[in-house]
Amino acid sequence: MVDRQNKVKLSQWDALLLESLRSYGWSEEELLRRVNEGELPADESKYEFDYGQLSVLADEQPEVFRQAVLEGYQIKYNTIRGIRSWIEVALGIEAKLELAEGHEAVEAELTETERERLEAVLSYGWAVKGGAAMDGSAGTYRIEPIQR
């Protein structure tokens, strides 16, 4: 079971911004410094992230931002498309969307470690179903709303 009680809460967009910056390979302290000083890259991805929004968060809620970087976070409210985007940005995995009414889900091939990381950030109301292959390689997981 994932402990979500003591994690700070981030908006889905702030979580995407943070995970995108993590992809630069900076240490946590370097990431904190760059965001606090506004020393941020221009994003050229399809998301066109404006990292300045994280600088605003770090300025207005410094402890929340610091905890999110150093100790992890939970997303306040996830959307199905936001989950797919988070998987792509944070894990580098192209997930599939299923949008048929009553069967909405995100499907992705994840390792056990990737599944645990995703479960740790998901907002309440989402379930991760499926499992890793017997040999420990990635398995197919469905992320879907708990209530339909």
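The structure we're discussing is the one just above.
Residues numbered from 1 in each chain as written. Predicted model: local features only at pLDDT ≥ 70, side-chain atom pairs only at ≥ 80, totals over all residues. Heavy atoms only, no water.

**Focus on the overall build of the protein chain**
For step 1, the next point in the chain: Of the regular secondary structure elements, the protein chain holds six helices and six strands.
For step 2, the next point in the chain: For the protein chain, the sequential pattern of α-helices and β-strands runs β-α-α-α-α-β-α-β-β-α-β-β.
For step 3, the next point in the chain: Its C-alpha radius of gyration of 16 Å places the protein chain within 12% of the 15 Å reference for a compact globule of 148 residues.
For step 4, the next point in the chain: The principal-axis extents of the C-alpha atoms in the protein chain amount to approximately 45 × 35 × 30 Å.
For step 5, the next point in the chain: Of all 148 residues assigned to the protein chain, the portion counted as buried reaches 43%.
For step 6, the next point in the chain: For the protein chain, long-range pairs separated by at least 24 residues make up 61% of all intrachain contacts whose partners lie at least 6 apart in sequence.
For step 7, the next point in the chain: Computing the positive centroid from 17 side-chain charges and the negative centroid from 29, the protein chain places the two 4 Å apart. (Helix = DSSP H or I, 4+ residues; strand = E, 2+ residues; numbered from the N terminus. Rg over C-alpha atoms; globule rule 2.2 N^0.38 Å. Buried < 20%, exposed > 50% of the residue type's maximum accessible area, 1.4 Å probe, protein only. Contact = heavy atoms within 4.5 Å. Lys, Arg positive; Asp, Glu negative; His and termini not counted. Charge placed at Lys NZ, Arg CZ, Asp CG, Glu CD.)

**A few points about helix H6 (residues 112-121)**
For step 1, the next point in the chain: Among the residues of H6, those classed as buried are Glu114, Arg115, Leu118, Glu119, Ala120 and Val121.
For step 2, the next point in the chain: In the core, the buried residues of H6 are packed alongside strand S2 (73-75), helix H5 (80-91), strand S4 (105-110), strand S5 (126-130) and strand S6 (139-145).

**Considering the pairing of S4**
Every regular strand shows the same layout, with side chains that alternate between the two sheet faces.
For step 1, the next point in the chain: The sheet contact formed by strand S3 (residues 96-98) and S4 spans three bridges and is antiparallel. Residue pairing for S4: Glu98 is matched across the bridge by Ala105.
For step 2, the next point in the chain: Hairpin connection, S3 to S4: the antiparallel pair is bridged by six residues, and Gly102 has positive phi, about 85°. (Pairing = 2+ DSSP bridges.)

**Some points on the pairing of S6**
For step 1, the next point in the chain: Counting buried positions over the seven residues of S6 gives five, a clear majority of the element.
For step 2, the next point in the chain: Bridging between S4 and S6 involves five bridges; their strand directions are antiparallel. Considered in S6, the bridge of Leu110 is made with Gly139.
For step 3, the next point in the chain: Both S5 and S6 contribute to a ladder of five bridges, which runs antiparallel. Across the sheet, Gly130 pairs through a bridge with Tyr141, a residue of S6.

**A word on the side chain of Glu144**
For step 1, the next point in the chain: With respect to the secondary-structure elements, Glu144 resides in strand S6.
For step 2, the next point in the chain: Here the side chain of Glu144 touches Lys129 through a polar contact of 2.9 Å, side chain to side chain. (Polar contact = N/O pair within 3.5 Å; in protein donor to acceptor, adjacent residues only side chain to side chain.)

**Here we look at the sheet that holds S4**
For step 1, the next point in the chain: Spatially, the four strands line up as an open sheet ordered S3-S4-S6-S5, and their pairing is antiparallel. Two strands bound the open sheet, and with one partner strand each, they are S3 and S5. Taken over all neighbouring pairs, the strand axes of this sheet differ in orientation by 25° on average, direction set aside.
For step 2, the next point in the chain: Across the sheet, H5 lies against S3, S4, S5 and S6, angled at about 20° from S4, the strand it touches most.
For step 3, the next point in the chain: Strands in contact with H6 are S4, S5 and S6; relative to S4, the strand with the most contacts, it is inclined by about 145°. (Axes fitted to C-alpha atoms, helices over the stretch in contact; angles between N-to-C directions.)

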